[in-house]
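Read off the chains here:
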Amino acid sequence: MTRDDLDVDPEELYGRLKAYEGRTAASGGAGRDPVNEPMIRHWCEAMGDTNPAYPAVAPPTMLQAWTMGGLAGHPGGSARSEAYDELLALLDDAGCTSVVATDCEQEYLRPLRPGDRVTFDAVIESVSPSKTTKLGTGHFVTTRMNVRTRDGELVGTHRFRILKYAPARPKNATKPEPTRKPEPTRKQEPTADRPRRPRPVINRDNAGFWEGVARHQLLIQRCLDCATPRFPWLPGCGACGSQRWETFEASGAGTVFSYVVMHHPPFPAFDPPYAVALIELAEGVRMVSDITGVPYDKVRIGMPVELEFLRVDEELELPVFRGAGA
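The shown structure was predicted, so the numbers you read here are calculated from the model rather than taken from an experiment.

*Asks:* Just checking my understanding: could you explain the overall build of the protein for this structure?
*Replies:* Per the secondary structure count, the protein includes 4 helices and 15 strands. Relative to its 326 residues, the protein shows a buried fraction of 36%. Taking contacts inside the protein between residues at least 6 apart in sequence as the whole, the part at least 24 apart equals 66%. Surface accessibility of the protein: about 18500 Å² in total, with carbon and sulfur atoms responsible for 53%.

*Asks:* Sorry, what's going on with unusual backbone geometry here?
*Replies:* Glycine aside, a negative phi is what most residues show, and trans is what most peptide bonds show. A cis amide bond links Tyr54 to the next residue, Pro55, at an omega of 10°. If you trace the backbone, Pro55 turns up in the loop between helix H2 (37-47) and helix H3 (82-93). Cis geometry is found at the peptide bond from Pro272 to Pro273, where omega equals 0°. Relative to the helices and strands, Pro273 resides in the loop between strand S11 (253-262) and strand S12 (274-281). Even without being glycine, His216 reaches a positive phi, approximately 60°. Position of His216 among the secondary structure elements: in the loop between helix H4 (207-214) and strand S8 (219-223). On the accessibility criterion, His216 (13% relative accessible area) is buried.

*Asks:* Mind showing me how you'd approach the pattern of salt bridges here?
*Replies:* Any two side chains of opposite charge can pair, so long as their charged atoms come close to each other. Scanning all chains against the criterion turns up 18 salt bridges. We note a salt bridge from Arg80 to Asp85, for which the minimum N-O separation is 2.7 Å. The exposure class of Asp85 is partly exposed, given its relative accessible area of 35%. Between Arg311 and Glu317 there is a salt bridge, with the nearest N and O atoms lying 3.2 Å from each other. What makes Arg311 buried here is its relative accessible area of 9%. Put simply, Glu105, Glu125, Arg144 and Arg159 are held in one network by salt bridges that share partners.

*Asks:* What is the right way to look at H2 in this model?
*Replies:* Side chains that are three or four residues apart share a direction in an α-helix, a result of its 3.6 residues per turn. N-cap assignment for H2: the residue whose side-chain oxygen lies 3.0 Å from the backbone N of Met39 is Asn36. Residue Gly48 follows H2 closely and has a positive phi angle near 70°.

*Asks:* Please clarify how the nonpolar core should be interpreted in this entry.
*Replies:* General note: in soluble globular proteins, nonpolar side chains tend to be found buried as a group. Ranked by internal contacts, the top residues of the largest apolar core, which has 34 residues, are Ile40, Trp66, Tyr84, Leu87 and Leu112. Those elements that place two or more of their residues in this core are helix H1 (10-18), strand S1 (24-30), H2, H3, strand S3 (118-127), strand S5 (136-149) and strand S6 (154-167). Tallying contributions element by element places H3 first for this core, with 6 residues. The residues contacting Leu87, other than those within four sequence positions of it, are Leu17, Tyr20, Ile124, Val127 and Val141. Counting residues in each nonpolar core, the second largest holds 29 residues, with Ile220, Phe231, Phe248 and Val294 among its members.

*Asks:* How do you make sense of the packing of aromatic side chains when you look at a structure like this?
*Replies:* Aromatic ring pairs: the centre-centre distance and the angle between the two ring planes describe each pair. Scanning the entire structure with this criterion turns up 6 aromatic pairs. Seen in terms of ring centroids, Phe209 and Trp210 are 5.1 Å apart; in terms of plane orientation they differ by 80°. Their pairing is edge-to-face. Of the two residues, Phe209 and Trp210, neither departs from the other in class, the shared state being buried. An angle of 65° between the planes, with centres 6.4 Å apart, marks the rings of Phe209 and Trp233 as edge-to-face.

*Asks:* Sorry if this is basic, but what is going on with the confidence of the model for the protein here?
*Replies:* Low-pLDDT stretches of the model should not have their predicted coordinates read in fine detail. Residues of the protein with pLDDT of at least 70 account for 88%, and the chain-wide mean is 87. At the low end of the mean pLDDT range in the protein sits strand S7 (residues 185-187), at 57; at the high end sits S8, at 96. For the stretch residues 172-183, pLDDT sits under 50, and the model shows 9 contacts to residues farther than four places along the chain or on other chains.

*Asks:* What should I look at first to understand the sheet that holds strand S10 (residues 245-249) in this one?
*Replies:* Where strands meet in a sheet, backbone hydrogen bonds hold them as pairs that are either parallel or antiparallel. Strand order in the open sheet made by the 3 strands is S9-S8-S10, with antiparallel pairing throughout. Strand pairing shows two members of the sheet lacking a second neighbour, strand S9 (229-230) and S10, which therefore form its edges. Bridge count between S8 and S9: 2 bridges; the pairing is antiparallel. Of the residues in S9, the one forming a bridge with Gln221 is Arg230.

Procedures and definitions
Residues numbered from 1 in each chain as written. Predicted model: local features only at pLDDT ≥ 70, side-chain atom pairs only at ≥ 80, totals over all residues. Heavy atoms only, no water. Helix = DSSP H or I, 4+ residues; strand = E, 2+ residues; numbered from the N terminus. Buried < 20%, exposed > 50% of the residue type's maximum accessible area, 1.4 Å probe, protein only. Contact = heavy atoms within 4.5 Å. Areas by Shrake-Rupley, 256 points an atom, 1.4 Å probe, with all protein chains shown as cover. Salt bridge = Lys/Arg side-chain N within 4 Å of Asp/Glu carboxyl O. Polar contact = N/O pair within 3.5 Å; in protein donor to acceptor, adjacent residues only side chain to side chain. Core = buried A, V, L, I, M, F, W, Y, C linked by side-chain atoms within 4.5 Å. Phe/Tyr/Trp six-rings, centres within 6.5 Å; stacked < 30°, edge-to-face > 60°. pLDDT = per-residue confidence, 0-100. Pairing = 2+ DSSP bridges.

Here it is in structure tokens:
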């Protein structure tokens, strides 16, 4: 069911949604664990961050990690407010039953150190007018979280924006498949009841990467001042700060640096269990990818992999990695 199928007055709905602006989205939240060196080390290893300042202080971008409740949730229950649940239910009732995270902004006021314990609260900052995207029509909901130490000192803010939308009508199933280059591409066989995979968010910073994927090229950025390669695509160099860069094509060779086997939570477009790996490319950067051609319980750290392109549906093709020799 799409939003067009429902009897919804857009102006009346937007007025009701706007009434939630400024109301509490979460309160009384507390981090499950103190800031600690093991989590900092794991984060830095996964990100390839060798900054000598860590783990004496936590990387600023870990700010949200200290507020997460995990699968077990926060002690004493969820910190999310009734007002926020009401807002989401109102959107659900209007046909906006799907959600996708769109972006986040963080501000860091002072570094967190091992032993710090954080608390947090959040406010519903804004609800946008109705917007139509490729995914469908809905409303952007922005919340702002304040993260503090136990003694009340504000250490950072986290602004998070989601799109609650009514999925667009699927295209005619009889539409002929577009002509593609005769390059080696694997195809995920569709089924009548399989939902579509989420669409990647393409913006001005990463559009060139997806243009490369369309040409069956895996493009990596390289700084023109210090020659440091980087992935994922970013507007500036993390090593020297330069905003001058070029691209080059990856060879497609790599190894499994780490991996997880996903069992829970289930996601409609995927069939658990399946392996998701952090691939270390021959060029020295890492990227997250599906592993194909190898059973999930046979994936191992250090396993050689090779790039291939997976045709997920008529509109989406993804770079993935296949176990070498599989």
